[in-house]
Structures are given as structure tokens and as C-alpha cells.
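Per-entry structural report
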Amino acid sequence: ACRKPAVPCDVVASGYCYIVRRSAVSRAEASSICGAWGGMLATVPDDTADSKLSFFMLAQDAAFWGSAPAWVGLRREQEGGVWGWDDEHVVSEVQWHASPADLTCAQMLPWAEGNLRGARCGEQAPYVCSRKVMVPCAGTEVRTGSSGLIGDRHAEPNQRCEWLLKPSGRTRFIRLSFLRFDVERNFDFVRVFDEAGAEVAVLTGPDDPADVVVEGSEARVVFSTDWGVQNADGFEATFVATYWKNCSDFPCDNRSTCAAHPDGTFSCECIPGFQGDGDLSAGGPGCGDVNECASSSEPYPCGPAPAATCTNLVGAYTCACEAGYAG
């Protein structure tokens, strides 16, 4: 059977797996890629001394890190706001290399006095992802986050594990994407239920299944094995809670195009002639007309005045030559 390759950890510390990627992307792109892997941009998981030490020691590991600043999961919503980690706990203390001033995203600095610096969120940089190390499942585990990793890669005989997915945010759909799937066909099963208890999917065998989308604000995933587990090592899946199912459902401005991202999120991009982010989901203004005729620098849309007159239109513009000129 064809399988997705497992992504090995570059570093394991304090129960977390860390990977570094040296390809330069924006902060939003890095966060999306980490989410599709089942994790998030690297964070300090809690305020204990061991967690802080493990995280910041990564900055001193040149073989792991390389030499360029890299995105980590630290941000704030606005200038002067409170810095917080992507797992939503507030930062108690930050070791800044320099004041972040009006910046709202952060990067880790290798070999620096003070390990973090502020950065513009659209800047291109390497990034570091982290996720919890997979451990054997037991009983029922409740997840309240909007995304995460579930599964068991240590399948045992007569095992029954459950994951109750109850995202705390506004949710209409929960999408399960399988990173690894290898359970004994017709003897061991992964079953998915919606919040009413209706069975949405029954999965078995060694082949990676297609994504499963559960409609509603909750989902339950049950992994069960029989008395003998033979040459099968369980499954790994990411889950993402979203209010939108696909691009046709997502409220982009009609003057924009929609893009679906690996972590289950969506974004809009205004078509040429319009500007803005095009995203109407939070009540934003969408895409506004670009007044090409307002350009005060070269290249002028119609050539320099007074030879031509520019007339702005919605999403476009026209040019007309003045008397005595042709073109």
C-alpha cells in the first residue's frame, strides 16, 4: 500500500517533537504547514522552567537551527497588545533581543543574547513546528482546541480508545485528515461519530483513507482492536474545526478568489483592479476599487500629463489623448 512518509523529529524535548524547515515562507504559510502536520509553530508549552529551558536551548543548537531567524508561535493581535503563544496561553516573560516596537509577530534568533525578535508577519523566513509526542492511548481523551493530532501508533490487543473533539470556538465542521493509517483489515477499526451519535465513517485496513468531514460542533473518534494485533501499528490523524466546509461555502467578496489551505483554513485574494483581503467572514469591507489614476509616480497608467487623461472605472481605467496628441 502507498503511504505518506512520516516526518521525523529533529529534536525531542519535554514530550514535544520539533522540526525545522529552512524554506522561507510568511508567518501565515508557516502556521498552515505546521497545522497540516498535526502541530503548530513552536511554542513554550507551559511556564515551567523545564519547558522554557528545552525551548530556548533550541536556539543554541546550530546543527538543528541553522543560522537564520525563524518563525515560532508567538504573536499579538495589535501594536501594544499582549504577546501570547499560538496554543493560547499568555507569555509571562519574553527574552527579547531587541524591542519589538510596533511589530506583531516573532522569530527565534540563533546564537543571540535574548532569543526572540519582533518581525513583520508577511516577511519570508524559515520556521519551526512542534507537536506532542504520540503516546499510547487509554480511555477517553477530550480535546477542546480548534486543531490537533490524535491517534495511537502503539496498537495493543483488546484496546479501545476514544477522542472526544469539542472545539471551544465557533464550529460547523470538523475535518479529519489521516497522516498514517495501518489497522488490521476487518478486525480493527476506527469509527467516527457526530455529536448526535450517528456513525459517519468506519475505517479499516492498511490504506490511508480520504478526509472525513463531520458536520456539527462535536465529533467522537473510536479506535478498537480485537484479541490479536498483527503487523499493524495504528493510525495518526489531524483534526481541524472550522465554520466553513470548502471554498464554495466561504464568504469571499465576489471580486476575489478563494484559496483552501492544508490546515483547513481559507483565504481570499482580490482580483486585479481591486485591493483588500476579500474576506467577509468577520464583517470586513472586502475588496475595494484601486484608483489607478491616482498614481503620482511613474509608470503613469496613461503616460504623463498633460498628453493623456486617465478616467478611473470600477476595477479598471481608461485613457484618452488630449487635443493635439494621438495614441
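Residues numbered from 1 in each chain as written. Predicted model: local features only at pLDDT ≥ 70, side-chain atom pairs only at ≥ 80, totals over all residues. Heavy atoms only, no water.

**Overview of the side chain of E162**
Mapped onto the elements, E162 comes out in strand β11 (residues 160-165). Not counting chain neighbours up to four residues away, the residues in contact with E162 comprise G139, T140, E141, R220, V221 and V222. (Helix = DSSP H or I, 4+ residues; strand = E, 2+ residues; numbered from the N terminus. Contact = heavy atoms within 4.5 Å.)

**Quick word on the sheet that holds strand β14 (residues 199-203)**
What the five strands build is an open sheet, ordered β9-β11-β16-β13-β14; its pairing is mixed. Among the strands making up the open sheet, the edge pair consists of β9 (139-143) and β14. With strand direction ignored, the average angle separating the axes of adjacent strands in the sheet is 15°. (Pairing = 2+ DSSP bridges. Axes fitted to C-alpha atoms, helices over the stretch in contact; angles between N-to-C directions.)

**Notes on unusual backbone geometry**
Despite not being glycine, N186 shows a phi value in the positive range, around 65°. With respect to the helices and strands, N186 occurs in the loop between β12 (173-182) and β13 (189-194). The exposure class assigned to N186 is exposed, which follows from its relative accessible area of 54%. (Buried < 20%, exposed > 50% of the residue type's maximum accessible area, 1.4 Å probe, protein only.)

**What to know about the pairing of strand β17 (residues 234-242)**
The element β17 is largely enclosed, with a buried count of nine among its nine residues. Where burial is concerned, the two faces of β17 agree: the one with G234, E236, T238, V240 and T242 and the one with F235, A237, F239 and A241 are both buried. Bridging between β12 and β17 involves nine bridges; their strand directions are antiparallel. Note on β17: the bridge partner recorded for R175 is V240.

**Notes on the pattern of salt bridges**
Summed over the entire model, instances satisfying the criterion amount to twelve salt bridges. With a shortest N-O distance of 3.0 Å, D86 and R27 are connected by a salt bridge. Note that D86 is positioned in the loop between β5 (84-85) and β6 (105-108) and R27 in helix α1 (residues 27-36), a separation of 59 residues in sequence. Like D86, the residue R27 is buried in the burial classification. R172 serves as the salt-bridge partner of D249, at 3.6 Å between the closest nitrogen and oxygen. Within this pair, whereas D249 is found in the loop between β17 and β18 (256-260), its partner R172 is found in the loop between β11 and β12, the two being separated by 77 residues in sequence. A relative accessible area of 29% means that R172 is categorised as partly exposed. Linked through salt bridges whose partners overlap, the residues forming this network are R27, R75 and D86. (Salt bridge = Lys/Arg side-chain N within 4 Å of Asp/Glu carboxyl O.)

**A few points about the state of the cysteines**
Taken as a whole, this structure holds seven disulfides when the rule is applied. With a sulfur-sulfur separation of 2.0 Å, C34 is cross-linked through a disulfide to C129. Between C34 and C129, the disulfide has an S-S torsion of -75° and is therefore left-handed. Linking C34 in helix α1 with C129 in strand β8 (residues 125-132), this pair joins segments that are 95 residues apart in sequence. C129 sits in the buried class, given a relative accessible area of 1%. Disulfide pairing is shown between C270 and C287; the S-S distance is 2.1 Å. Looking down the S-S bond of the C270 and C287 bridge, the torsion is -95°, so its handedness is left-handed. Of this pair, C270 sits in strand β19 (residues 266-270) while C287 sits in the loop between β20 (274-275) and β21 (288-289), placing them 17 residues apart in sequence. For the residue pair C270 and C287, the accessibility class agrees, reading buried in each case. Residue C321 stays outside any disulfide, its sulfur separated by 8.3 Å from that of C319, the closest cysteine. (Disulfide = S-S within 2.5 Å.)

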